[in-house]
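# Tertiary structure, described
What follows is each chain in one-letter form.
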Amino acid sequence: MPEKKHVVVVCGYGCHLDTPLKPYLDLVVEFITRNKPDQIIFCGGFTQRKSAPNISEAGLMYNYVNENLRIYYYYLEDLSQIESDSYTTLENIRQAAGRICLWQIKNRMPKEQKLKITIFCEAHRAPNVIMLARHFMMNLVESIDDITVETASWERADPFKQVKNLIYNHLALRFPYLARREHKRRLRRAEFI
């Protein structure tokens, strides 16, 4: 059995570094420096078109992490992907799973090649991320233990809001029109932020 390749998925939270996003990305830099993954996927769309025109969450995170990794002579160009078409947690995880599959095909990995996947997210969203990763990524790993979540905590909103999102995303997995509806809502909201 080939050694497991390590993939890191970084979920985005905004298009400005003068927020809790910067300390979150510093954790990502530290993790990458220590673990040296085989592939990194940055996820997040153009969620703040008014205050950050032409800047996607994924692109902003990639640039920041890449710049800070250069200090350690570690370069992202060949081992990272930018997924800037995702606007929700569900889309982040689904699109990342698709990109992982394409990466495996592009690199001619054998079918039995299993992965270790680490997903970065905000702590309140971790249960949601875990549920979605188990749905979209279980075919990529040998066991559930090969999917881990790294978190940072900065959310000030009521944690119960995430319970609503967890239920909504569970339903969206069964009824895809709910995911499409949420995507359209997020696109409209992005025009005003």
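See the structure printed just above.
Before going into details, it helps to say that this report is about the structure given with it. (Residues numbered from 1 in each chain as written. Predicted model: local features only at pLDDT ≥ 70, side-chain atom pairs only at ≥ 80, totals over all residues. Heavy atoms only, no water.)

Turning our attention to the environment of Lys106. As for its placement among the helices and strands, Lys106 is situated in helix α3 (residues 89-106). By relative accessible area, Lys106 is classed as exposed at 68%. Residues Lys106 and Gln81 lie 25 residues apart in sequence; the distance between their C-alpha atoms is 13 Å. (Helix = DSSP H or I, 4+ residues; strand = E, 2+ residues; numbered from the N terminus. Buried < 20%, exposed > 50% of the residue type's maximum accessible area, 1.4 Å probe, protein only.)

Counting residues in hydrophobic clusters, the biggest one holds 53 residues, and the most contacted among them are Val10, Tyr24, Ile117, Ile119 and Met137. If we skip the residues at most four places from it in the chain, Ile119 touches Val9, Cys11, Ile93, Val129, Ala133, Met137, Ile147, Thr148, Val149 and Glu150. (Core = buried A, V, L, I, M, F, W, Y, C linked by side-chain atoms within 4.5 Å. Contact = heavy atoms within 4.5 Å.)

Tallying each qualifying case throughout the model produces 8 salt bridges. Between Lys22 and Asp26 there is a salt bridge whose closest N-O contact spans 3.7 Å. Highlighted residues: Lys22 and Asp26, both in helix α1 (residues 21-35), separated by 4 residues, approximately one helical turn. One salt bridge connects Arg34 with Glu30, and the closest N-O pair in it is separated by 3.8 Å. One end of the pair, Arg34, and the other, Glu30, are both in helix α1, 4 residues apart, so they sit about a helical turn from each other. Given the relative accessible area of 55%, Arg34 is considered exposed. Members of the salt-bridge network, linked through shared partners, are Lys4, Glu142 and Asp146. (Salt bridge = Lys/Arg side-chain N within 4 Å of Asp/Glu carboxyl O.)

This brings us to a nonpolar patch on the surface. On the surface, Phe160, Val163, Ile167, Leu171, Phe175 and Tyr177 cluster together into a nonpolar patch covering about 590 Å² of accessible area. Of all the elements, helix α5 (residues 160-174) adds the most residues to the nonpolar patch, at 4 residues. Looking at where Leu171 falls in the secondary structure, it is placed in helix α5. (Patch = residues over 30% accessible without salt bridge, like charges linked within 9 Å, V, L, I, M, F, W, Y side chains within 5 Å. Areas by Shrake-Rupley, 256 points an atom, 1.4 Å probe, with all protein chains shown as cover.)

Structural measurements only, silent on function.
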